[in-house]
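Structural features, examined
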Amino acid sequence: MSHEIRTPINTIVGLNEMILRENVSDEVAEDAQNIQSASKMLLSLINDILDMSKIESGRMDIIPVVYDTGAMLSDIVNMIWVRAKEKGLEFYVNVEDSIPAQLNGDEVRIKQILINLLNNAVKYTSEGSVTLSIQCRRKEGDKVYIAYSVSDTGMGIKKESIPHLFSAFRRVDEEKNRFIEGTGLGLSIVKQLVTLMGGEIEVNSVYTKGSTFVAIIPQQIAGDGQIGEIDLQKKHTISTREHYRALFEAPKANVLIVDDNVTNLMVAKKLLQDTKINIDTAESGVECITMSEHRRYDVILMDHLMPEMDGIECLRRLRGRSGGLNRNTPVVALTANAGGDNQALYRREGFDGYLLKPVSGAQLEAELLRHLPPDLVKMTNTSGFNDVVVGPVLDHRRKQLIMITTDSVSDLPRTLTDKYRIAVLPYHVLTEGGDFKDGEEIETDGILSYLSLKAKKAHSCEPAVSDYEAFFAEQLTKAQHIIHIAMASKASKGYEKALEASASFDNVTVVDSGHLSSGMGIIALYAARYAAEGRSVEEILAQTERMKALTQTSFIVGSTEYLARSGRISSGISAVCEACMLHPVIVLKNSAMKVGSIRMGTRDTVWKKYIKSALRAPAKIDNGILFITYAGLKPEELDEIAAMVKKEVPFETVIYQKASPAISINCGPESFGLLFAHKGAQ
Ligand code: ADP
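Just so it is clear, the structure is predicted and the values come from calculations on it, not from any experiment.

Description of the pairing of strand 28 (residues 625-631)
With six of seven residues buried, strand 28 is to be regarded as a mostly interior element. Bridge analysis of strand 28 against strand 29 (residues 653-658) gives six bridges, and the strand direction is parallel. Looking at strand 29, one finds that Ile 628 is bridged to Tyr 656. Chirality of the crossover, the property in question, places the unit of strand 28, helix 21 (residues 635-648) and strand 29 among those that are right-handed. Taken together, the five bridges between strand 28 and strand 30 (residues 671-677) define a ladder with antiparallel strand orientation. By the bridge assignment, Tyr 630 is partnered in strand 30 with Phe 672.

Now the structure itself:
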């Protein structure tokens, strides 16, 4: 039935969209808009009636699949937000961050329940807000009882009406609701679906004040991950287009649409005409196979129910053809078969996507965009849209299992900390002018020129225990375990403070990196890479221990004056060094800062000697990445250094990293270090 009814509605909706795209008179546009909303109503009515008859005849099956909780919620929220916004209502979403990231259950029916409850909340509320809250009620083994609650500040329900609320075709408070469209089927279906899934639903309502529906539904946990933070991010989305314009153009893309119904082919082709895609059509599975022998398609849109060879059989043949041109072409099911069981079926059979008729131009474009090779697609300028609204797009960040964190003195570029999702806590720089956060409130060149005024003093300072506590608590909303890479314990109190803070948490481990600056950064990077590979905490810690021994951290210091000022060497030694043009090389050994050697001579000879000595055993060096971490050097000086380095070891990637202010105040200007790892990392 569903299939038979959806096919003609697909034609009505599709061709009506083509009318709306034209420059028609206001009257015709209004008529077409009414056809659009009436078609939507008709469709939802048919769906409800078909669901009811399925339930009544006992044929409504619950079909569990493993699904991504965040993705499911994104779909729902993005849909309801638009409706709430149209009515001027606020829409809030609260999701407990410990909800499992993946669940096993009937995703389609859960969605149906939530959409129904949320639609009602929007429908029966004229001002105020609608809130969706999701919590874990209780756990039993790998079963979790999830409470989905939908609250509104709407008209509420009279006490005496509540017992009838879930009866089919029963609408309550008809006097007040007579202008609100509805059939009285929605809640009845919701109740039966919840019961079929072994759950329960309750309602609390205060007449004229608002209602809360709570559905508690058991689902199986499918994996260790947690959903993590859910953000309602403000992003630009296009809601209505006064003048239609395709989202993209892809004139070099080839798409094949397979459908036995010629009208369907015509509708889909028309809906996609502005994308300039080359579209071929096939009226049967057999024709599709023949056509795909001669041409490689970028995407195939495939109907399911077709006489002789159906879509599934056709897909199997495409995939099974050895050496076939379209063996690996993405195939999207474009069908009139609704329902969770069908969606699961298509997924199982290996379809790359699923679109349900009636389909809109926007849905077709979005699905094709997912599969077309990016080099064939040119996004069209969105400024052509007349009505661009800012709307939230629910962005869910799954809780990472293990996150690596470190301090700003690890001197890593933002690109790398972003890529490896390493969170960074700033050290402090204390000057006579105040206390500044490293890198955030104070920058390297500024602090160096401040210090060059002789009398000025500054020193770096690790964050307080309470800073670490707040930092760990915040990061734990995004990850289940934190490994914090701290600066060499003999060079800074950061390790001690972080360790003390970690005592308040079960799942924070603090590691003494034994290094500072980008040397410490290299250790954090290797740990993060390991974490991204899904290694355990123990494996990452063992790897970090190995890396401690393999990493080389050394700096050649322009002038000893700064080391003396920050109290790292005595002023007497500094005075001797200055007088004799001696430049110490600071090396990190066994977690402590030591003067490794003293180089004598002009700047150039000193640099050359330092570089040669630091890179003296090229065979043992891992030439993947080198940090040249510096303070107070000009670009041409960096080029000079890079040229000298290249003569010794050709590194694949060289990162020029300005040392953080907290590090720079200890080295002073004209200082730099070569920081890298030796071979042996796994
Ligand atoms: P309908 O199609 O009429 O919305 P439902 O079965 O979804 O059918 O709801 C049955 C009746 O319950 C509605 O007609 C309405 O009177 C009442 N109702 C449902 N949700 C709400 C709500 N959030 N606030 C107030 N009344 C509601």
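Once you've had a look at it, read on.
Some remarks on the domain arrangement of the protein
What the domain assignment lists for the protein is domain 1 (62-158 + 199-221), domain 2 (262-379) and domain 3 (400-677). Listed per partner, the contact involves five residues of domain 1 and five residues of domain 2. Across the domain 1 to domain 2 interface the summed buried area is about 420 Å²; carbon plus sulfur atoms make up 62%. The largest share of the area that domain 1 buries against domain 2 comes from Ile 63, Val 65 and Val 108, three residues that together contribute 71% of it. Run the count over domain 1 and domain 2 and you get one salt bridge. Inspection of the domain 1/domain 2 interface yields zero residue pairs in polar contact (both at pLDDT 80 or more). Contributions of two or more residues to the side of domain 1 that touches domain 2 are made by strand 1 (65-68) and helix 4 (107-123). Across the side of domain 1 that touches domain 2, the residue classes tally to four nonpolar, no polar and one charged.

Points about the packing of aromatic side chains
Within the structure shown, the criterion is met by eight aromatic pairs. Seen from their ring centres, Phe 471 and Phe 472 are 5.9 Å apart, and the 45° between their planes marks the pair as tilted. Grouping residues by exposure puts Phe 471 and Phe 472 together as buried. When the ring of Phe 472 is compared with that of Phe 505, the centres are 6.1 Å apart and the planes differ by 90°; the resulting orientation is edge-to-face. Of this pair, Phe 472 sits in helix 14 (residues 465-475) while Phe 505 sits in the loop between helix 15 (494-502) and strand 23 (508-512); the two residues are 33 residues apart in sequence, bridging distant segments of the chain. With respect to class, Phe 472 is no different from Phe 505; both count as buried. Over the ring of Phe 166 we find Lys 191, and its NZ or CZ is 5.5 Å from the ring centre. Over the aromatic face of Tyr 530 sits the side chain of Arg 535, whose NZ or CZ is 4.2 Å from the ring centroid.

Topic: helix 4
Taking 1.5 Å of rise per residue, 17 residues should cover 24 Å, and helix 4 covers 24 Å from first to last C-alpha, within 8% of that figure. Counting buried positions over the 17 residues of helix 4 gives 14, a clear majority of the element.

Side note on unusual backbone geometry
Cis geometry is adopted by the peptide bond preceding Pro 358, which originates at Lys 357 and carries an omega value of 0°. Positionally, Pro 358 belongs in the loop between strand 14 (353-356) and helix 11 (361-371). Unusually for a residue other than glycine, Thr 208 sits at a positive phi of about 75°. Within the secondary structure, Thr 208 sits in the loop between strand 6 (200-206) and strand 7 (210-221). For Thr 208, a relative accessible area of 46% gives the class partly exposed. With a phi close to 55°, Glu 670 is a non-glycine residue in the positive phi region.

Some thoughts on the sheet that holds strand 21 (residues 458-461)
The three strands lie next to each other as 20-19-21, forming an open sheet whose pairing is antiparallel. With one partner strand each, in any of the chains shown, strand 20 (434-437) and strand 21 form the two edges of the open sheet. Each strand axis lies, on average, 25° off the axis of its neighbour in the sheet, ignoring direction. Bridge count between strand 19 (residues 428-431) and strand 20: four bridges; the pairing is antiparallel. Within strand 20, the residue paired with His 428 across the bridge is Lys 437.

Considerations on the pairing of strand 11 (residues 278-282)
Pairing geometry for strand 10 (residues 254-258) and strand 11, over five bridges, is parallel. Among the inter-strand pairings, Asn 254 is bridged to a residue of strand 11, identified as Asn 278. Taken together, strand 10, helix 7 (residues 262-271) and strand 11 form a β-α-β motif whose crossover is right-handed.

Regarding helix 3 (residues 69-86)
Compared with an ideal rise of 1.5 Å per residue, which puts 18 residues at 26 Å, helix 3 spans 26 Å between its outermost C-alpha atoms and is within 8% of the ideal. What helix 3 keeps buried is the set Thr 69, Gly 70, Met 72, Leu 73, Ser 74, Ile 76, Val 77, Ile 80, Trp 81 and Ala 84. Looking one or two residues past helix 3, Gly 88 carries a phi angle of roughly 75°, positive in sign.

Regarding the pattern of salt bridges
Pairing between side chains becomes possible if they bear opposite charge and their charged atoms approach one another. Summed over all chains, the structure comprises 23 salt bridges. A salt bridge links Glu 545 to Lys 548, with the shortest nitrogen-to-oxygen separation between them at 3.3 Å. Separated by three residues within a single helix, Glu 545 and Lys 548 lie in helix 17 (residues 537-550), roughly one turn from each other. Here the salt bridges share partners, and the residues they tie into one network are Glu 313, Arg 316, Arg 317 and Glu 349.

Some words on the packing of helix 1 (residues 2-21) against helix 2 (residues 26-56)
As a packed pair, helix 1 and helix 2 sit with axes 10 Å apart at the nearest point and diverge in direction by 160°. When the axis of helix 1 is compared with that of helix 2, the two are roughly antiparallel. Judged by the twist between their axes, the crossing of helix 1 over helix 2 is left-handed. Residue-level inspection shows Ser 2, Ile 5, Arg 6, Ile 9, Ile 12, Val 13, Asn 16, Ile 19 and Leu 20 of helix 1 in contact with helix 2, the latter providing Val 28, Ala 29, Ala 32, Gln 33, Ile 35, Gln 36, Ser 39, Leu 42, Leu 43, Ile 46, Asn 47 and Leu 50. For the contact of helix 1 with helix 2, the class distribution of residues is 14 nonpolar, six polar and one charged.

Cut-offs used in this document
Residues numbered from 1 in each chain as written. Predicted model: local features only at pLDDT ≥ 70, side-chain atom pairs only at ≥ 80, totals over all residues. Heavy atoms only, no water. Buried < 20%, exposed > 50% of the residue type's maximum accessible area, 1.4 Å probe, protein only. Helix = DSSP H or I, 4+ residues; strand = E, 2+ residues; numbered from the N terminus. Pairing = 2+ DSSP bridges. Right-handed = clockwise from strand over helix to strand, strands pointing away. Domains from an automatic or database assignment. Contact = heavy atoms within 4.5 Å. Buried area = accessible area lost by both parts, 1.4 Å probe. Salt bridge = Lys/Arg side-chain N within 4 Å of Asp/Glu carboxyl O. Polar contact = N/O pair within 3.5 Å; in protein donor to acceptor, adjacent residues only side chain to side chain. Nonpolar A, V, L, I, M, F, W, Y, C, P; charged D, E, K, R; others polar. Phe/Tyr/Trp six-rings, centres within 6.5 Å; stacked < 30°, edge-to-face > 60°. Lys NZ or Arg CZ within 6 Å of the ring centre and 35° of its normal. Expected span 1.5 Å × (residues − 1). Axes fitted to C-alpha atoms, helices over the stretch in contact; angles between N-to-C directions. Parallel < 35°, antiparallel > 145°, perpendicular 65-115°, else oblique. Left-handed = near helix turned anticlockwise from the far one by under 90°.

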